[in-house]
Structures are given as C-alpha cells and as structure tokens.
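# Architecture at a glance
Now for the letters of each chain:
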Amino acid sequence: MKSRGLLIALVVIGGLVVVVLGFALWGIGVYNRLVGLDEGVQSAWSQVENQYQRRAELIPNLVETVKGFAAQEKGVLLGVTEARAKVSQITVTKEVLEDPDAFAKFQAAQDQYSSAISRLLAIQENYPQLKSNENFLALQNQLEGTENRIAVERRNYNLVVQGYNTVIRRFPGSLVAGFGGFREKQYFKAREGADTAPQVKF
C-alpha cells in the first residue's frame, strides 16, 4: 500500500516537473524570439540612421554650391542650416524608440529638415543657371536619392516594428514581454499635411 502511494506521488511529482519544465522552455523560447525581434528593430533603425547621416553629410555641400548662385535666398539657406542643427542635437536611444512623445519630437525635427531641403531644391526654379551647374545637379540627385532611401528604410522599420509589437501584445507572449521588460516601439507616421503638395514661395 505504501509503495503504491509512493508510486502515485512520484508520478504526480514527475508530471508537475514535466509541466514546469515545459512552461520554462516555452518561456525561454518566447523570450529568445523577443530578443531576436528587438534586435531586428534596432537593426532596422540603424539603417534609418545611416540614411539620415548620409543626408546630413550632403547638405553642407549643397548649401555651399547654392550660396554662390542664390546669395539673396539667405532665409532658405539659413532654414536648412538651422534644421540640420536641430536634427543633430537629438540622440535616438532605445528609450526614445519606446517613448511616443520623444519619438514624435525626433520625427518632427526630421520632417522640418525634409521641408527645408525641398525649399532649397526649389531654388533652381528661380535660378536657371543652377540647372547647368554640375555640382548642384550631382548633389541634387544625391539628395533626392537619399530622401527616397530614407522613405524605404522608414517603411522597412515600420514593418519590423509591426512584427515586434504584434508579438509583445498577443497573449501569452505578452506575459513574457512584461517580465522581460520588452516595451512597444514607435512607428513613423506621415506628417500632418503630407498628403497635399507643398507650396514653395520666395
């Protein structure tokens, strides 16, 4: 009788160990998946930053090229310089990617920079001689290409963030995300008025 009771106890204990072990392995698997997704978000973000850096390095050259042709358009050139300075003051950390307000400020600075670039490129309409300047045309093409690359990398980033956010919000993965400190990441959003063509006035 005692041996039968001991056998039942061992079976119950063995079953509990299997359940606990299975749950632990499942939790480890989900945690490791979240780590991989989080690294994917960081990698996608670094590609966005690479394109921002490329743009930041091109702008001074374009401004210098245009200065010689459009000295009276100081306001436009100053706007580009100021926008670039604002963007360079913002450091994007993991916390910024998880903070809606901080991320919105970063995106607003980048949007302002893009608007300043658009106004700068529009100067050529008032100065036909710029169209024949090889340096300006080369830099203009580089900038337009960079803006396109930024748009592509932002889209890729949003797709990666969507996959990550979906996993950490779904049950039961949300349990592991809560214990592991995984927080929702922010999306890039279209700036207000982006659906209408910009008006450029001098």
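Residues numbered from 1 in each chain as written. Predicted model: local features only at pLDDT ≥ 70, side-chain atom pairs only at ≥ 80, totals over all residues. Heavy atoms only, no water.

### Notes on the overall build of the protein
Along its length, the protein carries seven helices and zero strands. Helices (α) and strands (β) of the protein occur, in sequence order from the N terminus, as α-α-α-α-α-α-α. Within the protein, counting contacts between residues at least 6 apart in sequence, those at least 24 apart form 79% of the total. By element, 57% of the accessible surface of the protein is carried by carbon and sulfur atoms, the whole surface being about 12500 Å². (Helix = DSSP H or I, 4+ residues; strand = E, 2+ residues; numbered from the N terminus. Contact = heavy atoms within 4.5 Å. Areas by Shrake-Rupley, 256 points an atom, 1.4 Å probe, with all protein chains shown as cover.)

### Digging into the layout of surface pockets
By volume, the second largest pocket amounts to about 260 Å³. Glu-49, Tyr-52, Gln-53, Ala-56, Arg-84, Val-87, Ser-88, Ile-90, Thr-91, Val-92, Phe-106 and Gln-110 are the residues that line the second largest pocket. Broken down by secondary-structure element, the contributors of at least two residues to the lining of the second largest pocket are α1 (2–67), α2 (74–89) and α4 (100–126). When residues in the lining of the second largest pocket are grouped by element, the largest group, four residues, is from α1. (1 Å grid on protein atoms, 1.4 Å probe; cavity = no way out; pocket = protein on both sides within 12 Å on 5 of 7 lines; lining within 4 Å. Points joined across faces, edges and corners; volume = space filled by probe spheres on them.)

### A word on the pattern of salt bridges
Two side chains that carry opposite charge are able to pair once their charged atoms sit near each other. Taken as a whole, this structure holds five salt bridges when the rule is applied. Between Lys-185 and Glu-98 there is a salt bridge; the shortest N-O distance is 2.8 Å. Of this pair, Lys-185 sits in the segment after α7 (173–180) while Glu-98 is found in helix α3 (residues 94–98), placing the two residues 87 residues apart along the sequence. The residues Lys-185 and Glu-98 share a single accessibility class, namely buried. (Salt bridge = Lys/Arg side-chain N within 4 Å of Asp/Glu carboxyl O. Buried < 20%, exposed > 50% of the residue type's maximum accessible area, 1.4 Å probe, protein only.)

### Here's the deal with the packing of aromatic side chains
Applying the stated criterion across every chain, the model contains eleven aromatic pairs. Arranged with centres 5.4 Å apart and planes meeting at 65 degrees, the rings of Tyr-31 and Phe-182 form a pair that is edge-to-face. On the criterion of sequence distance, the pair formed by Tyr-31 in helix α1 and Phe-182 in the segment after α7 is long-range, its members being 151 residues apart. The class of Tyr-31 is partly exposed, set by a relative accessible area of 37%. Residue classification places Phe-182 among the buried residues on the basis of a relative accessible area of 13%. (Phe/Tyr/Trp six-rings, centres within 6.5 Å; stacked < 30°, edge-to-face > 60°.)

### Focus on the nonpolar core
Grouped together as the largest cluster of nonpolar side chains are 22 residues, with contacts concentrated most on Leu-34, Trp-45, Tyr-157 and Phe-188. Taken together, the elements giving at least two residues each to this core come down to α1, α3, α4, α6 (134–169) and α7. The dominant element in this core, judged by the number of residues it contributes, is α1, at seven residues. Sequence-distant contacts of Phe-188, defined by excluding residues within four places in its chain, comprise Trp-45, Val-48, Tyr-52, Phe-103, Phe-106, Gln-107, Arg-154, Tyr-157 and Asn-158. Within the second largest apolar cluster, 20 residues are counted, among which are Ala-56, Val-66, Ala-116 and Leu-120. (Core = buried A, V, L, I, M, F, W, Y, C linked by side-chain atoms within 4.5 Å.)

### Considering the confidence of the model for the protein
Per-residue confidence for the protein gives a mean pLDDT of 80, with 82% of residues at or over 70. Taken element by element, the protein is modelled with least confidence in helix α5 (residues 128–131), mean pLDDT 65, and with most confidence in α7, mean pLDDT 87. Between residues 194–202, whose pLDDT stays under 50, and residues either more than four places distant or in other chains, the model counts seven contacts. (pLDDT = per-residue confidence, 0-100.)

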